[in-house]
Amino acid sequence: MNNQANKPQTPEQENFEQQAIEKRREHLKLESARIIKIADSEPHSALKCVHQLSVAGGATEGTYIAIEQRIVADQDAAGAYHLALLAQNTPDLPIDTRQLIELVVNKGDNQQRLALLKNLPLPPVELIKAQILISDDGEAIGQMNAYLQINPEGYGSQHMLSSGQADPIVPLSLGNNTNDGKDFKG
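Rules used throughout
Residues numbered from 1 in each chain as written. Predicted model: local features only at pLDDT ≥ 70, side-chain atom pairs only at ≥ 80, totals over all residues. Heavy atoms only, no water. Helix = DSSP H or I, 4+ residues; strand = E, 2+ residues; numbered from the N terminus. Buried < 20%, exposed > 50% of the residue type's maximum accessible area, 1.4 Å probe, protein only. Contact = heavy atoms within 4.5 Å. Areas by Shrake-Rupley, 256 points an atom, 1.4 Å probe, with all protein chains shown as cover. Salt bridge = Lys/Arg side-chain N within 4 Å of Asp/Glu carboxyl O. pLDDT = per-residue confidence, 0-100. Polar contact = N/O pair within 3.5 Å; in protein donor to acceptor, adjacent residues only side chain to side chain. Arc of directions from axis to C-beta. Axes fitted to C-alpha atoms, helices over the stretch in contact; angles between N-to-C directions. Parallel < 35°, antiparallel > 145°, perpendicular 65-115°, else oblique. Left-handed = near helix turned anticlockwise from the far one by under 90°. Nonpolar A, V, L, I, M, F, W, Y, C, P; charged D, E, K, R; others polar.

Visitor: Can you break down the overall build of the chain residue by residue, with the values?
Guide: Each helix and strand in the chain was counted, giving ten helices and zero strands. The buried share among the 186 residues of the chain stands at 41%. Of all intrachain contacts in the chain linking residues separated by at least 6 positions in sequence, the fraction that spans at least 24 positions is 59%. Carbon and sulfur atoms make up 53% of the accessible area of the chain, which amounts to about 10800 Å² in all.

Given below as structure tokens:
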């Protein structure tokens, strides 16, 4: 075990750490204000905002709310998909994840729906299945059926990976977005 971990901190070390925390907090406040301004003023900017949020490493509650409002105003299925996935990993976010998921299911494309099916811990399997079947897209129906055959409960990739199955997490969808190809790729 590391002996330094057991040593008490000096007042100088504590002060340095507190200053670093305050500097980080101030940086997040500035980044949050900048992202909120983008979300409030630029239509179809949700993916840009989610990307900036990721780069910043976090944000204020108001930032998440502003991004969600931009998504709803634009009916942006791609933005909804990414914010919903982010919310699945951070359950205390002040957003309505159910609304985002419904937007993707109802307004998104089949690739986004399949990505939800694979990436949400507990996806709305029947809703997704119904929308894909209605689309009459043979390729998407085949992909969905193949996935549901090995995972009939639709437990998503996290369950599949923990049970030894290898199904990669799908990054951003290339579906119906109007952000001129400025998708977050990381």
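What follows picks up the thread again.
Visitor: Outline the pattern of salt bridges, listing residues and values.
Guide: Applying the stated criterion across every chain yields a total of six salt bridges. For Arg70, the salt bridge identified is with Asp74, shortest N-O distance 2.9 Å. With Arg70 and Asp74 both in helix α4 (residues 61-74), this residue pair falls four residues apart, about one helical turn. Comparing Arg70 with Asp74, the two get one shared label, buried. Ionic pairing is found between Glu102 and Arg98, a salt bridge with its closest N-O pair at 3.5 Å.

Visitor: Quick rundown of the confidence of the model for the chain? Include the residues and the values.
Guide: The predicted coordinates of low-pLDDT regions are not to be read in fine detail. Across the chain, the average pLDDT comes to 83, with 80% of residues at or above 70. No element of the chain has a lower mean pLDDT than helix α10 (residues 156-162), at 52, and none a higher one than α4, at 97.

Visitor: Please set out unusual backbone geometry residue by residue, giving values where relevant.
Guide: Of note, the phi angle at His44 is positive, near 55°, even though the residue is not glycine. Checked against the element boundaries, His44 lands in the loop between α2 (11-41) and α3 (46-56). Positive phi is not limited to glycine here, since Gln75 has a value of about 50°. Mapped onto the elements, Gln75 comes out in the loop between α4 and α5 (77-89). What makes Gln75 partly exposed here is its relative accessible area of 36%.

Visitor: How would you explain the side chain of Asn110 if you had to name every residue and give the values?
Guide: By secondary structure assignment, the location of Asn110 is in helix α7 (residues 110-119). Looking at Asn110, its side chain comes within polar contact range of the side chain of Ser135, at 2.8 Å. Discounting chain neighbours no more than four positions away, the residues touching Asn110 are Gln131, Ile132, Ser135, Asp137 and Ala140.

Visitor: Break down the environment of Val50 for me, with residues and values.
Guide: Within the secondary structure, Val50 is located in helix α3. Using a relative accessible area of 9% as the deciding quantity, one classes Val50 as buried. Linking Val50 and Tyr64, residues 14 residues apart in sequence, is a C-alpha distance of 8.8 Å. Excluding residues within four positions of it along the chain, Val50 makes contact with Ile67 and His82.

Visitor: Outline helix α8 (residues 125-135), supporting the account with residue identities and numerical values.
Guide: Every buried residue belonging to α8 is among Val125, Ile128 and Ile132, and all of these are buried. With its buried residues spanning 75° around the axis, α8 presents them on a single face. Exposed positions of α8 whose direction lies more than 90 degrees from the buried face are Glu126 and Ile134. Positive backbone phi, approximately 60°, marks Asp136, located one or two places after α8.

Visitor: Outline the packing of helix α6 (residues 97-107) against α7, listing residues and values.
Guide: Remark: α6 packs on α7, axes separated minimally by 8 Å, with the N-to-C direction vectors making an angle of 140°. Considering the angle they form, α6 stands oblique to α7. When you trace α6 past α7, the crossing you get is left-handed. Of the residues in α7, those in contact with Ile101, Val104, Val105 and Asn106 of α6 are Gln112, Arg113 and Leu116.

Visitor: Talk me through the packing of α5 against α7; I want residue IDs and the actual numbers.
Guide: Relative to each other, α5 and α7 sit at 5°, their axes nearing to 11 Å. In terms of orientation, α5 lies roughly parallel with respect to α7. Residues Ala77, Ala78, Tyr81 and Leu85 of α5 pack against Gln112, Ala115, Leu116 and Asn119 of α7. Grouping the constituent residues of the contact of α5 with α7 by class yields six nonpolar, two polar and no charged.

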